[in-house]
Amino acid sequence: GGGRVCQGGEGGWGRRLWKGRTHSLQEEPPCPMACPSALLILLALAGALGQPDLCEYETNRIKDLLQASCAGKGLTTVPSELDHQTGILLLGSNRLARVSTASFRPLRNLTDLDLSRNGLGELEAASPVPSLQELDLSLNALKSLPSLLAFPNLVRLALGHNALSRLPEGGFHALGQLVDLELQGNQLQRLPEGAFAGLAALKDLDLSDNRLVALPPELLAGLTALNTLRLERNRLRSLPEGFFPEGQLFAYVYLIGNPWLCDCALEYLSNWINENSFSVYTRVQGPEKEITENEPENVTCHNPPEKLGHPIMDAPIDFHLECRSGGLRGDGEEIVVPQTDPGQTISDVLSTLFSPTTITVPTATEVQTAPAPSPPELPPAPTTATPPALSPTTATPSPSPTTLDSLAATVPTATEVQTAPAPSPPELPP
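What comes next concerns the included structure.

As a further point, take the overall build of the protein. Across its full length, the protein carries 7 helices and 16 strands. The buried share of the protein, taken over its 430 residues, is 32%. A separation of at least 24 residues holds for 43% of the contacts in the protein among residues at least 6 apart in sequence.

As a further point, take the pattern of salt bridges. All told, the structure shown has 12 salt bridges when counted by the stated rule. The shortest N-O distance in the salt bridge between aspartate 112 and lysine 63 comes to 2.3 Å. Of the two residues, aspartate 112 is situated in strand 7 (residues 112-114) and lysine 63 in the loop between strand 3 (56-60) and strand 4 (65-69); the sequence distance between them amounts to 49 residues. By relative accessible area, which is 12% here, aspartate 112 ends up buried. For the salt bridge of lysine 63 with glutamate 134, the shortest nitrogen-to-oxygen distance reads 3.2 Å. Residue lysine 63 is found in the loop between strand 3 and strand 4, and its partner glutamate 134 is found in strand 9 (residues 134-136); the two are separated by 71 residues along the sequence.

The next subject is the pairing of strand 15 (residues 280-285). Sheet topology places strand 14 (residues 252-254) next to strand 15; 2 bridges connect them, and they run parallel. Note that in strand 15 the partner of tyrosine 254 across the bridge is tyrosine 281. The β-α-β motif built from strand 14, the intervening helix 2 (residues 267-275) and the parallel element strand 15 has right-handed crossover chirality. Both strand 15 and strand 16 (residues 290-294) contribute to a ladder of 5 bridges, which runs antiparallel. Residue pairing across strands places threonine 282 opposite glutamate 293, the latter belonging to strand 16.

Reading the values: rules and limits
Residues numbered from 1 in each chain as written. Predicted model: local features only at pLDDT ≥ 70, side-chain atom pairs only at ≥ 80, totals over all residues. Heavy atoms only, no water. Helix = DSSP H or I, 4+ residues; strand = E, 2+ residues; numbered from the N terminus. Buried < 20%, exposed > 50% of the residue type's maximum accessible area, 1.4 Å probe, protein only. Contact = heavy atoms within 4.5 Å. Salt bridge = Lys/Arg side-chain N within 4 Å of Asp/Glu carboxyl O. Pairing = 2+ DSSP bridges. Right-handed = clockwise from strand over helix to strand, strands pointing away.

Purely geometric stuff here, so don't read any function into it on its own.
This is the structure in structure tokens:
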């Protein structure tokens with residue numbers, strides 16, 4: 001009676017099962033050996049109740065909730081006879097390959113659920129668990145994002161180290177209260193622009209240790225509360241212009257371990273690091289805890305080879321010089337060579353490049369068809385008459401009348417003017 005289980009032999013101990021707890025009683029006199037059938041019945045009943053003593057109960061002093069620890073028990077199903085007052089349920093390191101939320105329907109106070117390290121491949125949202133605030137699904141075998149509609153009040157969701165290769169557009173939209181989202185250690189290569197739509201309360205986003213090769217420019221749009229972004233150890237070569245929302249300050253941004261390509265396409269990130277160097281951190285796992293340091297200079301170039309290890313924040317001006325546009329103007333403004341079409345002339349291209357100055361260059365056809373310019377008119381060359389020799393006793397004879405024909409004959413042609421020698425000075429009388 002009273003839940004006592006008889007054990008044969010001298011000095012036997014009685015044990016009582018009560019709401020999943022195991023209590024040791026004071027030493028009782030041994031049961032008579034005449035009750036083996038009753039013993040077998042009670043043992044069978046204990047097995048039928050799902051072996052509730054597999055879970056150890058205690059009060060969590062931090063959260064002041066009843067905590068049930070069923071971790072590492074080799075469970076293949078969720079125990080059915082859990083204390084209904086359980087607020088924290090630890091089911092990690094078991095063999096729960098498939099779990100339905102219906103298993104947690106009786107637990108009205110459940111706020112924290114740990115299902116990590118189970119080889120879990122499917123989470124079925126059969127019924128809502130509105131009280132749940134923290135859900136740990138890390139270190140499992142999930143290949144796609146499970147339905148999260150059953151957890152409208154989640155604050156923390158851990159999906160790290162699964163086998164997720166893609167995220168659906170708006171897959172987290174139902175989690176308007178989510179603050180911490182962990183997606184590290186998956187197989188993500190690209191993300192849709194609206195992957196995190198609806199997460200207005202999100203503060204910490206971990207995308208480290210994935211295979212991301214590029215990120216959409218509007219990925220962080222609407223994440224107005226975000227202050228921690230972890231992008232370490234991906235395959236990123238650059239970030240798109242305007243990736244970080246204008247005017248939004250970040251407390252921690254982690255960027256190391258990516259193969260950054262230091263050409264003109266990285267100018268945006270280089271400028272952002274310089275303007276926000278107080279936000280760029282590195283982290284390493286120490287012997288006891290993670291060590292975080294403000295080290296923006298450790299975000300370095302991976303390519304081209306001659307820039308390997310060069311700090312991105314130095315923003316060398318030759319980032320620009322390697323652009324396909326062709327370099328810089330003298331004032332530092334980048335020259336952009338426009339695309340031309342067959343109808344454009346050299347004048348059109350030059351006008352575009354050096355605007356507002358307009359340079360007009362004739363086309364080849366205009367040069368070929370333009371009339372040759374007329375030679376400039378030359379003024380008549382002055383004539384110098386040689387005075388006759390004078391003598392003191394001889395009068396100067398009157399000149400003969402001048403006619404138009406004779407005057408025309410005295411005017412040299414343009415060719416004669418160009419080739420004629422300079423006239424000699426007049427001969428003076430003695």
